[in-house]
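One-letter residues, chain by chain:
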Amino acid sequence: MAGAGVVHLSIMPEHMAHVTAHGLALLVFGALQIVWILAALRWWTRPVILMGVALSAGLILLWVLLYAIPSPFIGHLPLHARILDRALIVSKLLEGTAAAVLIPAYVMKTPSAVGMSRFLQAGAPIACVVTGVGALLWIVAATSETLFPVFSVSAGWPTWRLNQMRPALIAPAVRSSASLSGNSAAYDWDLPQGFPPPRVPEDNPMTHEKVELGRYLFYDKRLSGNGTQSCESCHVQTLAFSDGRRTPIGSTGEPLERNSQALVNVAYNATLTWANPGLTELERQILIPIFGEFPIELGVTSHEEEVLERFRQDERYPQMFATAFPDDPAPINFRNIVHALASFVRSLISGNSPYDRYVAGDKTALSESARRGMELFFSEELECHHCHTGFNFTLSTVHAQSTFSAAAFQNNGLYNLDSAGAYPRGNRGVYELTGKPEDMGRFRPPTLRNVALTAPYMHDGSIATLEEVIQHYMAGGRVIEEGPFAGDGRRNPYKSGLVSGFQLNEQEIADLIAFLESLTDESFVTDPRFSNPFEEKALDQIADR
Amino acid sequence: MRIHIFASAALICMLGLAACQPIQAPTEPSTTLDKPQPVAINFAMKVRDREARCGEVYEGLGASGSPVEINDMRFYISNVRLVNDKGAETPVELEQDGLWQVENVALLDFEDATAGCAETGTPEMNVGIRGIVAEQTFVCPECEPTAILFDLGVPFDLNHLDVTAAPSPLNIPAMWWNWQIGYKFARIDLKTDAAATEGAWFIHLGSTGCSSSDKNTPPEKPCMRPNVVSVRLDNFDVTKKVVVADIASLVAAVDLSESTPQPAGCMSGPDDPDCAILFPAGFGLDIATGACAEEGCPTQRFFRVE
């Protein structure tokens, strides 16, 4: 009984946040059960035992009633009772045991009267009390439910609480898919409010050791064939892991066709890189910069042994690899390098911008101008939110609770070389892979978090500033007057219908930019967990001297 | 003292019995009543009598007789009920499949993310709902199912969740605006010959006039214009008939060759000229109030039985 009381009390705050009445009821039940224990220890009499029966069997009956009869309870739609969560099973089992002990105890204490067996004599009050308590509570609950506010909504309780409750209550299937990432439980994501757990492949669970190793590798130039470049060469922390260039140049001097992507919440991207519907795992994507030959980025191909040898000879790495991959007898290999890098890239989570603080309730976090810009951004006139939607500002988002594929690619009218919709060769979006005409110019909508730091913009870095990006969308596409790329992108037949142009005045443009700037997360670009560990070491050494 | 205890026990006892009364009553007369019966209700998306598919062009739609390609076709329904010829109305309790159905809401999804539908669509499709219904609704020997009722829309208490954390199928960003407005009840994206919007003619049905401090905050009270279409379709035999959603008849009265931009097509704006005809003529809704134009939305032209 005491156990059931503790269970009730422990789940009370959660329910309090959800529906006040549920919380209050649990508080009362838990408190009564515990008080009863104290009473029973003091007075082991028939009325007290009978009360105990009511508090055990009566509550079981109440639960059965909730199960059997549809009630108007908020959140208690018919399904609710069917879900046996752990707290429910434990508390009902404990109460059942208590009832099984208390009922015989009560019967034994009942004196047998003339003409009536002891069982009948005791049975009547027990039945009365149990049905009475159970049914009475059910009625009280059913009628009073509506009197109490649904606290989470009415008192401005942060919505994510309500919503985190709901899937937990409602969708068992959702819960089981969430356990996919269960093996990363050991890793503390430290997720921002409103961010769901990311999806993590089962064969590469997150660990702090792998993330830390990945961080060293990310910043280590020895991971390129000729020792001149690291991942950081194109992904710089202060620029939200973009590189500030239109398009980058690989370690051997070869130019790349695409703009270096910011690495912001990459763990949530439904597909990776600018336009590749088939590339969904970081473990596969990261092979590209390391081994890719067309174009060469880090250029490790045909230098494989050389690169591994550099790490084997290092004073730090053998130990780091061994702790990150304890089951691997020869842990310094490319599979593990890629797994560690993927873990580090997954850990790059950004969700602490002024906008996030505003959503969390700090209404001073956004300027007036940014607030007006936010309303514009989410408006039906601008349509930005259709493609840059959700907590990560992109439709292309998956997480541990996702149940549908979310790959998304759109043509936003940057080019129209031949009036038939063509984009420049090599940069034709999904079309490069599928060859389907309708995939011409389709790219993944990038997250807009930290976008103020990631100029220049678009897959080819062809737009220099946020103001020009907005002008591009205002015009409903880009017109290029002359040169090899001349054409009217506004008339691109494959352009998304959601990019159809709108009008803003100077002030409104400034407001929209202020909003986009409010998505900059200063703590992300200065977070020491993501910074260059070699520089840190250098600084330490200077400090030591 | 003893009397006291006895009296209070008796009181509780009586209350208990009284409480039992209404609870046990319905189960007494017939034991078949609470025997639930599985039911599957099939839906289809059509353009007149052709199946609606992504990537195909359909000629002659709307008042303008425009050519139309479909880029999205999905909608939420809720509160499904079946009616038999005795007039009894029974709710269909949806199977909680963790995917297409949650509580009393289901998503019907006819796009497969190919061709134009790739922009925002998902490859997964769903063309029917599954649930249980009390047996007597339509299996009793003497009665026949005669009608199906449902709402095109998401009920208020589920409409303003956070799409990121909400249970499936309320977790699809493409079907969600924001906390304030909630879900797109129906998303029918068309590409037509409307020159002003380069062909875009999008139909996004959802609530409007929802008040909260900003778009990231859910409203406390139901929205001014819920824009939920209550649908009643007669002559519906669940074992033989299909509920057909017909894009051609939805837009029959609308000039698809024109659309005022901002936004292209009708996104439920109460002052959007593109909604002014579509709402009453297609959905049977009064655009000013967000309620049915006539009680029960009998003038909706989207759904029919086949």
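Analysis parameters
- Residues numbered from 1 in each chain as written.
- Chains lettered and ligands numbered in written order.
- Predicted model: local features only at pLDDT ≥ 70, side-chain atom pairs only at ≥ 80, totals over all residues.
- Heavy atoms only, no water.
- Phe/Tyr/Trp six-rings, centres within 6.5 Å; stacked < 30°, edge-to-face > 60°.
- Helix = DSSP H or I, 4+ residues; strand = E, 2+ residues; numbered from the N terminus.
- Buried < 20%, exposed > 50% of the residue type's maximum accessible area, 1.4 Å probe, protein only.
- Contact = heavy atoms within 4.5 Å.
- Buried area = accessible area lost by both parts, 1.4 Å probe.
- Salt bridge = Lys/Arg side-chain N within 4 Å of Asp/Glu carboxyl O.
- Axes fitted to C-alpha atoms, helices over the stretch in contact; angles between N-to-C directions.
- Left-handed = near helix turned anticlockwise from the far one by under 90°.
- Nonpolar A, V, L, I, M, F, W, Y, C, P; charged D, E, K, R; others polar.
- 1 Å grid on protein atoms, 1.4 Å probe; cavity = no way out; pocket = protein on both sides within 12 Å on 5 of 7 lines; lining within 4 Å.
- Points joined across faces, edges and corners; volume = space filled by probe spheres on them.
- pLDDT = per-residue confidence, 0-100.
- Core = buried A, V, L, I, M, F, W, Y, C linked by side-chain atoms within 4.5 Å.

1. Quick look at the packing of aromatic side chains
Enumeration according to the criterion identifies 37 aromatic pairs over all chains in this entry. With a centroid separation of 6.5 Å and 70° between ring planes, the pair formed by Phe 344 of chain A and Phe 530 of chain A is classed as edge-to-face. Of the two residues, Phe 344 of chain A sits in helix 14 (residues 334–346) while Phe 530 of chain A sits in the loop between helix 21 (522–526) and helix 22 (533–544), which places them 186 residues apart along the sequence. Its relative accessible area of 2% is what places Phe 530 of chain A among the buried residues. Where Phe 279 of chain B meets Phe 283 of chain B, the ring centres are 5.9 Å apart and the plane angle is 80°; that geometry is what we call edge-to-face. With Phe 279 of chain B and Phe 283 of chain B both in helix 4 (residues 273–283) and four residues apart, this pair spans about one turn of that helix. Residue class for Phe 283 of chain B comes out buried when judged on its relative accessible area of 1%.

2. A word on the interface of chain A and chain B
Listed per partner, the contact involves 67 residues of chain A and 62 residues of chain B. Across the chain A to chain B interface the summed buried area is about 5,200 Å²; carbon plus sulfur atoms make up 60%. If you look at where chain A meets chain B, you find four salt bridges. Between Asp 214 of chain B and Lys 363 of chain A there is a salt bridge, and its shortest N-O distance comes to 3.7 Å.

3. Things to note about the packing of helix 9 (residues 208–218) of chain A against helix 13 (residues 317–324) of chain A
Residues and elements named next belong to chain A. It is at 8 Å that the axes of helix 9 and helix 13 come closest, and there the two elements cross at 145°. As for the relative orientation of helix 9 and helix 13, their crossing is left-handed in sense. Two secondary-structure elements touch here, helix 9 through Glu 209, Lys 210, Glu 212, Leu 213, Tyr 216 and Leu 217 and helix 13 through Tyr 317, Met 320, Phe 321, Thr 323 and Ala 324. Grouping the amino acids of the contact of helix 9 with helix 13 by side-chain chemistry returns seven nonpolar, one polar and three charged.

4. Considering empty space enclosed by the protein
In total, this model carries four cavities of 30 Å³ or more according to the counting rule given. If you add up the space inside the largest cavity, you get close to 230 Å³. Residue composition of the lining of the largest cavity, grouped by class: eight nonpolar, 13 polar and no charged.

5. Topic: the confidence of the model for chain B
Regions with low pLDDT carry predicted coordinates that are not meant to be interpreted in detail. All names here are of chain B. Residues with a pLDDT of 70 or more make up 86% of chain B, whose mean pLDDT is 86. Predicted confidence is poor over residues 5–33, with pLDDT under 50, and the contacts of this stretch with residues over four places away or in other chains come to 21 contacts. Predicted complex metrics record ipTM = 0.77 and pTM = 0.74.

6. Some points on the pattern of salt bridges
Residues and elements named next belong to chain B. By the definition in use, this model includes 34 salt bridges over all chains. Between Lys 46 and Glu 306 there is a salt bridge, and its shortest N-O distance comes to 2.7 Å. Within this pair, whereas Lys 46 is found in strand 1 (residues 36–47), its partner Glu 306 is found in the segment after strand 18 (303–305), the two being separated by 260 residues in sequence. With a shortest N-O distance of 3.0 Å, Asp 189 and Arg 187 are connected by a salt bridge. Judged on exposure class, the residue Asp 189 and its partner Arg 187 are both buried. The network of salt bridges with shared partners includes Asp 72, Arg 74, Glu 111, Arg 187 and Asp 189.

7. A word on the nonpolar core
Ranked by size, the top nonpolar core spans 78 residues in total, and within it Ile 41, Phe 75 and Phe 283 of chain B carry the most contacts. Tallying contributions element by element places strand 4 (residues 66–84) of chain B first for this core, with eight residues. One finds Leu 213, Leu 298, Phe 311 and Phe 325 of chain A within the second-largest nonpolar core, a separate group that totals 50 residues.

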